[in-house]
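Notes for the structure review
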Amino acid sequence: MLANAGKLIFFGMRSVRVIVKSLLATSFRRFALKDILKIESEKYNQDVCEDHVSSMVQKKAVIGSEQCSSLRKVFGVLQNGHDIPKHTYTHRIDATKLGTAVLFIQQSLCLKAGMVRDVSIAGHTFRDMPVYERGGKSIESLLEAYRVAFVEDERVGEHTFAEITRLLTKRVESKCGLST
């Protein structure tokens, strides 16, 4: 049974892989499952290397505590007769790259007096961040200036920069002498 499960994990469609992994996660403890997946990935890699003489297509099956926990939740959802929940692909962005984007916004835009907010970006939470005014500047124009100011290795991507800009700024422009 474990050999068949291993083959399904490596060769099955995403939905099949999720179902098999959730079944294994509820059937075994995480460390036992980790060992089972390690053995199955070694078997797979030996077969692939013998057949193709190339080790470039090696696969590794790793399961962490968070993934094991979420797979157990998926098993509960499946047990209740519901579909597999949609997977959201998340990843952490380096904090220094986020810092360059925040620094650029702080240096480029005017501060909106009296407003602060907590901002959560790509798994990093920044508390009591001041709110800035775009003052008629578009996100695209800010992005172009950001690309000029920082080299590619130090900056975040277009989507992340736009998200940071939306979280830290307001579109409105303050008028002198008027209350805002």
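See the structure above.
First, a word on scope: everything that follows refers to the structure included in this document. (Residues numbered from 1 in each chain as written. Predicted model: local features only at pLDDT ≥ 70, side-chain atom pairs only at ≥ 80, totals over all residues. Heavy atoms only, no water.)

This brings us to the pattern of salt bridges. Enumeration over the complete set of coordinates arrives at four salt bridges. Close ionic contact of K112 with E133 constitutes a salt bridge, the shortest N to O distance being 3.8 Å. Of the two residues, K112 is situated in strand β1 (residues 110–121) and E133 in strand β2 (residues 124–133); the sequence distance between them amounts to 21 residues. Among the residues examined, E133 registers a relative accessible area of 10% and is labelled buried. R147 serves as the salt-bridge partner of E144, at 3.2 Å between the closest nitrogen and oxygen. With E144 and R147 both in helix α6 (residues 139–149) and three residues apart, this pair spans about one turn of that helix. By relative accessible area, which is 33% here, R147 ends up partly exposed. Because the salt bridges share partners, they merge into one network encompassing E144, R147 and E158. (Salt bridge = Lys/Arg side-chain N within 4 Å of Asp/Glu carboxyl O. Helix = DSSP H or I, 4+ residues; strand = E, 2+ residues; numbered from the N terminus. Buried < 20%, exposed > 50% of the residue type's maximum accessible area, 1.4 Å probe, protein only.)

For an α-helix, 3.6 residues make a turn, and residues three or four places apart therefore share a direction. Those residues of α6 that sit buried are I139, L142, L143 and Y146. Along the axis of α6, the buried residues cluster in a sector spanning 100 degrees; they form a single face. Residues of α6 that are exposed and point more than 90 degrees away from the buried face comprise E140 and V148. The inward-facing, buried residues of α6 contact α5 (95–108) and α7 (158–168). (Arc of directions from axis to C-beta. Contact = heavy atoms within 4.5 Å.)

Here is the key point about a regular strand: its side chains alternate between the two faces of the sheet. For β1 and β2, the ladder comprises seven bridges, and the chain directions are antiparallel. Bridging from a neighbouring strand, V116 pairs with P130 of β2. Counting the residues in the hairpin turn of β1 and β2 gives two residues, including A122, whose phi is positive at 50 degrees. (Pairing = 2+ DSSP bridges.)

This paragraph deals with the nonpolar core. One finds I105, Y146, V156, F161, I164 and L168 to be the most contacted residues of the largest nonpolar core, which totals 19 residues. Elements represented by at least two residues in this core include exactly α5, β1, β2, α6 and α7. At five residues, α5 tops the list of elements feeding residues into this core. Core analysis: the second largest hydrophobic core is formed by 10 residues, A5, L24, C68 and L71 among them. (Core = buried A, V, L, I, M, F, W, Y, C linked by side-chain atoms within 4.5 Å.)

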